[in-house]
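# Examining the three-dimensional arrangement
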Amino acid sequence: MSEKNEQGKRAARDRLVQQRERQKARERRRRTLIVGAGLVGVLALAAVVGVIAANTGDNGSKSKTAGPAVAPSGATGKDSLAIQVGADDAPSTLTIWEDFRCPVCAQFENAFRDTIHQLESTGQIKVEYRLATIIDGNLGGSGSLRAANAAACAQDVGKFSAYHDILYRNQPQESVDAFADNAKLIKLAGKVPGLDTAAFRSCVEDGKHDSWVRKSNTAFLKGGFEGTPTALLNGEPIFPKKGSEPITSANLKKWVAEANKVNKGKKPGTATPAPSGF
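Everything in this summary refers to the structure shown in the same document. (Residues numbered from 1 in each chain as written. Predicted model: local features only at pLDDT ≥ 70, side-chain atom pairs only at ≥ 80, totals over all residues. Heavy atoms only, no water.)

## Considerations on the pattern of salt bridges
Filter applied, for reference: Salt-bridge detection follows one rule: a side-chain nitrogen of Lys or Arg within 4 Å of a carboxyl oxygen of Asp or Glu. Numbering of helices and strands runs from the N terminus, with a helix taken as a DSSP run of H or I at least four residues long and a strand as a DSSP run of E at least two residues long. Each residue's exposure class comes from its accessible area (1.4 Å probe, protein chains only) as a fraction of the maximum for that residue type: buried when under 20%, exposed when over 50%, partly exposed otherwise.
For the coordinates displayed, the defined rule picks out eight salt bridges. Residue Asp165 is joined to Arg113 by a salt bridge in which the shortest nitrogen-to-oxygen separation is 3.7 Å. Highlighted residues: Asp165 in helix H6 (residues 160-169) and Arg113 in helix H3 (residues 103-121), separated in sequence by 52 residues. Of the charged contacts in the structure, one is a salt bridge between Arg201 and Asp196, with a shortest N-O distance of 2.7 Å. We classify Asp196 as partly exposed; its relative accessible area is 34%. One connected set of salt bridges, linked through shared partners, spans Arg101, Asp136 and Asp177.

## Structural notes on the packing of helix H5 (residues 143-156) against H6
What counts here: Interaxial angles span 0 to 180 degrees and are taken between N-to-C directions of axes, which are lines fitted to C-alpha atoms, for helices over the stretch in contact. For classification purposes, angles smaller than 35 degrees are called roughly parallel, those larger than 145 roughly antiparallel, those between 65 and 115 roughly perpendicular, and all remaining angles oblique. Here is the rule for handedness: rotate from the far helix to the near one, and if that takes an anticlockwise turn smaller than a right angle the crossing is left-handed, while a clockwise turn gives right-handed. Contact definition: two residues touch when any of their heavy atoms are within 4.5 Å.
Viewed as axis vectors pointing N to C, H5 and H6 meet at an angle of 150°, and their least axial separation amounts to 8 Å. Taken together, the axes of H5 and H6 lie roughly antiparallel to each other. Helix-helix and strand crossings are classified by hand; for H5 and H6 the assignment is right-handed. Taking contact as the criterion, the partners of Ala147, Ala150, Ala151, Ala154 and Gln155 in H5 are, on H6, Phe160, Tyr163 and Leu167.

## Considerations on the packing of aromatic side chains
Stated precisely, the cut-off is as follows: For this analysis, a ring pair means two rings from Phe, Tyr or Trp (six-membered ring only for Trp) whose centres lie within 6.5 Å, classed as stacked if their planes differ by under 30 degrees, edge-to-face if by over 60, and tilted for the remaining angles.
Under the counting rule described, the total for this entry stands at eight aromatic pairs. A centroid spacing of 5.4 Å and a plane angle of 50° characterise the contact between Trp97 and Phe220, whose relative ring orientation is tilted. Highlighted residues: Trp97 in strand S2 (residues 92-98) and Phe220 in helix H9 (residues 210-222), separated in sequence by 123 residues. In terms of burial, Trp97 and Phe220 fall into one category: buried. Ring centres of Tyr163 and Phe200 lie 5.7 Å apart, and the angle between their planes is 80°; on these two criteria the pair is classed as edge-to-face. You can see Tyr163 sitting in helix H6 and its partner Phe200 sitting in helix H8 (residues 198-206), a full 37 residues away along the chain.

## Topic: the pairing of strand S4 (residues 230-233)
The following threshold applies: For two strands to pair, DSSP has to find at least two bridges joining them.
Neither face of S4 is left uncovered, since the one carrying Thr230 and Leu232 and the one carrying Ala231 and Leu233 both have all their residues buried. By the bridge criterion, two bridges tie S4 to strand S5 (residues 236-237) in an arrangement that is antiparallel. Residue Leu233 lies in a different strand from S5, and its bridge partner there is Glu236.

## Regarding H5
The cut-off we apply is this: Residue count minus one, scaled by 1.5 Å, sets the expected span of a helix.
Here H5 contains 14 residues, and its C-alpha end-to-end distance of 20 Å stays within 8% of the 20 Å for a straight helix at 1.5 Å per residue. Along H5, 13 of the 14 residues are buried, which leaves the element largely enclosed by surrounding structure. Of the residues one or two after H5, Gly158 is the one with positive phi, at around 75°.

From the geometry alone we can't say anything about function, so treat these as descriptive.
Structure, rendered in structure tokens:
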């Protein structure tokens, strides 16, 4: 009987040890989840960059033969492939490569839109938007191309920035190629005062800037960038981080201030009004 009791005691001790080990394991998992949640809070955007970084499809090579590239009004840079927002004489330049169908681009824009517009309107930076169509290349469809063409049409009448923001505020799911519908793009233009005109509709429906968009996408692919969005402050990558610092609104403002000091203390450019229509 004593032997049975001893066996029972050992079994109870073993169960207690196992229970304690399970409890420790649960506690370790709990701490891991807490730490992970904190990191996600800081780098929520960066967490999904890898999904987009693999995009290498060149939908331009699959497109129908088109006419010469017609750059939108006021396009700047090499081959007139950049759409500038902000003062010409701003001391620093923020370059953003993006795809209107890219979900991470929408997360980036929706998170940093107010900060970027503030830096623009106070003359601290000018932003060069450069458009790509990699989602079309990878998933099929033409929503990236159609939306980029429509945005270029908005640029023709000086309403790129407001329409750009409207597109990202109303971005469909990545797998739903809703921006391929010109009617939807025109309907969204109605949210920007003065944009939905006969000239704008014709520009959208005729694909006036399609070849220019394809040329921009080719430049993106040849540039060796890892994915969209790609954000560069005076040529230095800042997304999802700059050096060891993650991108946040506060850090973006700090980086711009530091860049402007290095840039020979150049004064802010001529202030430009924040875009309206959204």
